[in-house]
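Residues per chain, in single letters:
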Amino acid sequence: MMRVLPPLLVIGGPAGSGKSSIAAAVAELVDAPVVGLADSAGEDQHCVDLPALQLELDEHEEAAMVVIEGVFPLALNPIRWAARWTVYVDTPLDISLARRALSQDDPRSVLRAYLEGGREAQARWVAPCRQLADLVVDGADPLPETAARIHKFILQRS
C-alpha cells in the first residue's frame, strides 16, 4: 500500500550551505515542520536512513506541508520523486566549509574530513543535484530574502 504524504519541500546542498537556517525560515513562513536528514557526516547518499525518514514523516502526516533538508535528499530518487518542490542551496564551497568548521568546537575535524573525502563526495553526489532542483538559491544571500523567494516560488507552484 502506498502511503499518502503531505506536500514536501525538499532543500539540498553542501554541508554548511545554509540549508537548515533556510528550511527553518521557510517553515516559519508556511507553518510547516522541518525534518532534517542526519546525513552530513557520511561520504555519500547511502548514509541516509530512508526507513527512519519515513517514520519521521509519518509523525507529520496531518501537516499541510513538510520541509525536508539535508545534504543528500536530491540525490535520492525516492525523496526527490516524492517532493512537490525541490530547492538547491548553491553556496561557494569556501563559505560552506568555513561555516561548517566554525560550527564545531574543534574545526580541525571538519577540515580533515573535507580533505579526506568530503570534497570528492561533494563533487560526486551533491553538486550534480543542482541540475535536479526546481529552484536554485544562493546560500550567501540574506536569509529573509532567500526564505521569501522560496515562499513565493511555493505559492506560484501550488
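First, a word on what this report is: a plain description of the structure on this page.

Cut-offs applied
Residues numbered from 1 in each chain as written. Predicted model: local features only at pLDDT ≥ 70, side-chain atom pairs only at ≥ 80, totals over all residues. Heavy atoms only, no water. Core = buried A, V, L, I, M, F, W, Y, C linked by side-chain atoms within 4.5 Å. Buried < 20%, exposed > 50% of the residue type's maximum accessible area, 1.4 Å probe, protein only. Helix = DSSP H or I, 4+ residues; strand = E, 2+ residues; numbered from the N terminus. Contact = heavy atoms within 4.5 Å. Pairing = 2+ DSSP bridges. Axes fitted to C-alpha atoms, helices over the stretch in contact; angles between N-to-C directions. Salt bridge = Lys/Arg side-chain N within 4 Å of Asp/Glu carboxyl O.

**Considerations on the nonpolar core**
Nonpolar side chains tend toward joint burial in soluble globular proteins.
Link 1 in the chain: If you look at the biggest cluster of nonpolar residues, it comprises 21 residues, and the most contacted ones within it are Val10, Leu53, Leu57, Ile68 and Ile79.
Link 2 in the chain: Counting residues per element, the ones that place at least two in this core are strand 1 (8-12), helix 2 (50-58), strand 3 (66-70) and helix 5 (108-126).
Link 3 in the chain: Among the elements that take part in this core, helix 5 stands out by supplying 3 residues, more than any other.
Link 4 in the chain: Setting aside its immediate chain neighbours within four residues, Leu53 contacts Val35, Leu37, Ile68 and Ile79.
Link 5 in the chain: Counting 20 residues, the second largest nonpolar core, distinct from the first, contains Ala27, Trp85, Phe153 and Ile154.

**Regarding the side chain of Thr146**
Link 1 in the chain: Structurally, the position occupied by Thr146 is in helix 6 (residues 143-156).
Link 2 in the chain: Residue Thr146 is classed as buried on the basis of its relative accessible area of 4%.
Link 3 in the chain: When sequence neighbours within four positions are dropped, the list of residues in contact with Thr146 reads Ile22, Val137, Asp138 and Asp141.

**Things to note about the sheet that holds strand 4 (residues 85-90)**
Link 1 in the chain: As summarised here, the arrangement of the 5 strands in space is 2-3-1-4-5, forming an open sheet in which the pairing is parallel. Two strands bound the open sheet, and with one partner strand each, they are strand 2 (34-36) and strand 5 (135-138). Direction aside, neighbouring strands of the sheet carry axes that sit 20 degrees apart on average.
Link 2 in the chain: The pairing of strand 1 with strand 4 spans 4 bridges and is classified as parallel. Opposite Ile11, over in strand 4, you have Val87 as the bridge partner.
Link 3 in the chain: The strands touched by helix 1 (residues 19-30) are strand 1, strand 2, strand 3 and strand 4; relative to strand 3, the strand with the most contacts, the crossing angle is about 170 degrees.

**A word on the pattern of salt bridges**
Link 1 in the chain: Under the definition given, this model contains 2 salt bridges.
Link 2 in the chain: With a closest N to O distance of 2.8 Å, Arg130 and Asp90 form a salt bridge. In this pair, Arg130 is assigned in the loop between helix 5 and strand 5 and Asp90 in strand 4, connecting sequence segments 40 residues apart.
Link 3 in the chain: A relative accessible area of 40% means that Arg130 is categorised as partly exposed.
Link 4 in the chain: Note that Asp106 is salt-bridged to Arg108, the shortest N-O span being 3.0 Å.
Link 5 in the chain: According to the relative accessible area criterion, Arg108 is exposed, its value standing at 55%.

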